[in-house]
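# Structural features, examined
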Amino acid sequence: MFENAIQNRYEFVLLYDVENGNPNGDPDAGNMPRIDPETGHGIVTDVCIKRKIRNYIEMTQDNRPGFDIYVKQGTSLNTQDKLGVEHVKDIKDKAEKSRGFRDFMCGYFYDIRAFGAVMTTAAKEKDLSNVAGQVRGPVQLAFGRSVDPIVPQEVTITRVAITTEEKASSASTEMGRKHIVPYGLYRQEGFISANLAQKVTGFSQEDLDLLWNAIAHMFEEDRSAARGKMTLRELIVFKHDNILGNAPAHKLFDLISIERRDGVSVPRAYSDYTVKINEAALPGGVALECRG
């Protein structure tokens, strides 16, 4: 048990929109915006949002002890795993060694404390059990989904940067393409288990406050021409008054409804929607926090 771990279960909902951009390209479809082929609704993976959170933590914490990032560009996971293996190399008991490895990695890396990790190098070490190689984190995200179907567009662009010398000898410009969603409002749901925080990773109140801050600012520090204008519109948090919670997550999520305003047939702005939360039906022991 971790004494500083959070004491309350949480569920949360992100509402964010994109304007003339690609919120999450699909590499198996030429990097087109991800889409549900049956309904036409847009999709954003959990990994996409976790990447933005990780980037914000790495940028703002500046390698502060305990807030390094495990999954980051330019560093192999095997290299990261070896930090923990080295830390417990002198421990003889296998069970104690496994716990020591897990506790070290959770204490060293913020994203392992939050999201968990599968550490393959550690799992292959002969003196570490497979349990040490896998940590289930308390913070989990579902896939995001657009409120309405989206209509991805392929936009042709002209560029003066020619790809090859051969082409440059016969042309001064080259055609290119980019995929955009003219407008889409996305809803993404998340979960935070105080039970896993206390028993597995030690995810603390400081970690939680940093998570909310990262979510609130992740799009502001992730601008690119490809992603267009992405904005967090609402961060709606349900806080239970105990570790295991007072109501099923789906019942809390069902309290939030999003509807088009009268007369809007093709949404092109957040103001084209009305977001309602049925606070009167909020179960006992659950508090509502709106952080958007």
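Coordinates for the structure precede this section.
If you're wondering where the values come from, they're calculated on a predicted model, not measured in any experiment.

### Quick look at the pattern of salt bridges
The final tally for this structure, using the stated rule, is 17 salt bridges. Of the charged contacts, one joins aspartate 207 and arginine 113 as a salt bridge, the two residues approaching to 2.9 Å between their closest N and O atoms. Remark: arginine 113 occurs in helix 4 (residues 110-115) and aspartate 207 occurs in helix 8 (residues 205-217); sequence separation between them is 94 residues. Across the pair, exposure class does not vary: aspartate 207 and arginine 113 are buried alike.

### Thoughts on helix 3 (residues 94-108)
Under the 1.5 Å per step criterion, the end-to-end length of helix 3 is 21 Å for 15 residues, consistent within 8% with the ideal 21 Å. Tucked into the core, helix 3 has its buried residues touching helix 2 (77-87), helix 4, helix 5 (120-124), strand 6 (134-136) and helix 7 (194-201). Between a side-chain oxygen at the N-terminus of helix 3 and the backbone nitrogen of alanine 95 the separation is 3.3 Å; the capping residue is aspartate 93.

### Let's talk about the nonpolar core
In this structure, Ile192, Phe203, Leu211, Trp212 and Ile215 are the most contacted members of the largest nonpolar core, which totals 39 residues. Secondary-structure elements contributing two or more residues to this core are strand 1 (10-21), helix 1 (46-61), helix 4, strand 7 (139-141), strand 10 (174-192), helix 7, helix 8 and strand 11 (229-240). Looking at which element gives the most residues to this core, the answer is helix 8, with six residues. Once residues lying within four places of it in the same chain are set aside, the contact partners of isoleucine 192 are Ile6, Arg9, Tyr10, Phe12, Pro138, Val139, Phe203, Leu208, Leu211 and Trp212.

### Some words on unusual backbone geometry
A positive phi angle is found at asparagine 20, which is not glycine, with a value near 55°. Tracing the sequence through the fold places asparagine 20 in strand 1. Overall, asparagine 20 belongs to the partly exposed group, its relative accessible area being 43%. Here asparagine 31, not a glycine, exhibits a phi torsion of approximately 65°, which is positive. Tracing the chain through its elements places asparagine 31 in the loop between strand 2 (25-26) and strand 3 (32-33).

The rules we used
- Residues numbered from 1 in each chain as written.
- Predicted model: local features only at pLDDT ≥ 70, side-chain atom pairs only at ≥ 80, totals over all residues.
- Heavy atoms only, no water.
- Salt bridge = Lys/Arg side-chain N within 4 Å of Asp/Glu carboxyl O.
- Helix = DSSP H or I, 4+ residues; strand = E, 2+ residues; numbered from the N terminus.
- Buried < 20%, exposed > 50% of the residue type's maximum accessible area, 1.4 Å probe, protein only.
- Expected span 1.5 Å × (residues − 1).
- Contact = heavy atoms within 4.5 Å.
- Polar contact = N/O pair within 3.5 Å; in protein donor to acceptor, adjacent residues only side chain to side chain.
- Core = buried A, V, L, I, M, F, W, Y, C linked by side-chain atoms within 4.5 Å.

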